[in-house]
Amino acid sequence: MRYSRQRELVLKKVAALDDHPTAEEIYEIASRESPGLSLGTVYRNLNVLADAKRIRRVSVPGHADRFDHTLREHSHMYCTCCGSVTDVELDDAALLQIIEAGAGKIEDYSLTLFGVCGKCRGKSSN
């Protein structure tokens, strides 16, 4: 992967945001620093970075992909109320054991849970 000032900017913004931003959110923040940056350039660079395993793509069916700077294996939860995506720590060894028991050799996985985050759950109980 060749160096690009715009790619470095996109990577820097993903690393600075802990809320699993969308391409549009990254573009909005990065374009303040680089006014000539286009949304298409942000999408292309996010794809290159994800393919190079410098960031993780978090797919949420029916919604825009999110991007994560945390590279270790972990899962996510999508809040059906506010749309936030948060990291979820699961017993990865047990999960892989369940998956491999009937599916063959797993090389990678992505698990997204759907539910209501703590903030939204707290709001509804007040």
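Anyway, here's the lowdown on the structure attached to this text. The structure displayed is predicted, hence computed values, not measured ones.

Structural notes on the overall build of the protein chain
Phase 1 of the analysis: Looking only at helices and strands, the protein chain features five helices and five strands.
Phase 2 of the analysis: Secondary structure elements in the protein chain, listed N-terminal to C-terminal, are α-α-α-β-β-β-β-α-β-α.
Phase 3 of the analysis: Counting every position in the protein chain, which comprises 126 residues, the buried fraction comes to 36%.
Phase 4 of the analysis: A fraction of 49% describes how many contacts in the protein chain between residues 6 or more apart in sequence connect residues 24 or more apart.
Phase 5 of the analysis: When the accessible surface of the protein chain is split by element, carbon and sulfur atoms take 52% of a total near 7900 Å².

Concerning the side chain of Thr41
Phase 1 of the analysis: Assignment of secondary structure puts Thr41 in helix 3 (residues 39–51).
Phase 2 of the analysis: Side chain to side chain, Thr41 and Ser38 meet in a polar contact 2.9 Å long.

Considerations on the environment of Ile55
Phase 1 of the analysis: Relative to the helices and strands, Ile55 resides in the loop between helix 3 and strand 1 (56–58).
Phase 2 of the analysis: You can call Ile55 buried: its relative accessible area is 2%.
Phase 3 of the analysis: Placed 30 residues apart in sequence, Ile55 and Glu25 show a C-alpha to C-alpha distance of 16 Å.
Phase 4 of the analysis: Setting aside residues no more than four positions away along its own chain, Ile55 makes contact with Leu11, Val14, Leu46, Leu49, Ala50, Phe67, Asp68 and Leu71.

What about the packing of helix 1 (residues 5–16) against helix 2 (residues 23–33)?
Phase 1 of the analysis: Between helix 1 and helix 2, the least distance of the axes is 10 Å, while the angle of their chain directions is 125°. It follows that helix 1 is oblique to helix 2 by the angle criterion. The handedness of the crossing between helix 1 and helix 2 is right-handed. For the pair formed by helix 1 and helix 2, the contact residues are Leu9, Val10, Lys12, Lys13 and Val14 on the first element and Ile26, Ile29, Ala30 and Glu33 on the second.
Phase 2 of the analysis: In the contact of helix 1 with helix 2, the residues fall into six nonpolar, no polar and three charged.

Remarks on a negative patch on the surface
Phase 1 of the analysis: The grouping of Asp18, Asp19, Glu24, Glu25 and Asp87 at the surface amounts to a negative patch.
Phase 2 of the analysis: Tracing the chain through its elements places Asp18 in the loop between helix 1 and helix 2.

Quick look at the pairing of strand 3 (residues 75–79)
Sheet faces and side chains relate simply in a regular strand, where the side chains alternate between the two faces.
Phase 1 of the analysis: Most of strand 3 sits inside the fold, with five of its five residues counted as buried.
Phase 2 of the analysis: What you see with strand 3 is no split at all: Ser75, Met77 and Cys79 on one side and His76 and Tyr78 on the other are buried throughout.
Phase 3 of the analysis: Here strand 3 folds back onto strand 4 (residues 85–88) in antiparallel fashion, the turn holding five residues, of which Gly83 has a positive phi close to 85°.
Phase 4 of the analysis: Bridging between strand 3 and strand 5 (residues 112–115) involves four bridges; their strand directions are parallel. Looking at strand 5, one finds that Cys79 is bridged to Gly115.

Focus: the nonpolar core
Phase 1 of the analysis: Judged by nonpolar contacts, the single largest core of 14 residues is most densely connected at Val10, Val14, Ile26, Val42, Leu46, Ile55 and Phe67.
Phase 2 of the analysis: Excluding its chain neighbours within four sequence positions, the residues that come into contact with Val10 are Ile26, Val42, Asn45, Leu46 and Leu49.

Some words on the sheet that holds strand 3
Phase 1 of the analysis: An order of 4-3-5 is seen for the three strands of this open sheet, with the pairing classed as mixed. The sheet is open, and its two edges are formed by strand 4 and strand 5, each paired on a single side. Each adjacent strand pair in this sheet contributes to an overall mean axis angle of 30°, direction not counted.

Analysis parameters
Residues numbered from 1 in each chain as written. Predicted model: local features only at pLDDT ≥ 70, side-chain atom pairs only at ≥ 80, totals over all residues. Heavy atoms only, no water. Helix = DSSP H or I, 4+ residues; strand = E, 2+ residues; numbered from the N terminus. Buried < 20%, exposed > 50% of the residue type's maximum accessible area, 1.4 Å probe, protein only. Contact = heavy atoms within 4.5 Å. Areas by Shrake-Rupley, 256 points an atom, 1.4 Å probe, with all protein chains shown as cover. Polar contact = N/O pair within 3.5 Å; in protein donor to acceptor, adjacent residues only side chain to side chain. Axes fitted to C-alpha atoms, helices over the stretch in contact; angles between N-to-C directions. Parallel < 35°, antiparallel > 145°, perpendicular 65-115°, else oblique. Left-handed = near helix turned anticlockwise from the far one by under 90°. Nonpolar A, V, L, I, M, F, W, Y, C, P; charged D, E, K, R; others polar. Patch = residues over 30% accessible without salt bridge, like charges linked within 9 Å, V, L, I, M, F, W, Y side chains within 5 Å. Salt bridge = Lys/Arg side-chain N within 4 Å of Asp/Glu carboxyl O. Lys, Arg positive; Asp, Glu negative; His and termini not counted. Charge placed at Lys NZ, Arg CZ, Asp CG, Glu CD. Pairing = 2+ DSSP bridges. Core = buried A, V, L, I, M, F, W, Y, C linked by side-chain atoms within 4.5 Å.

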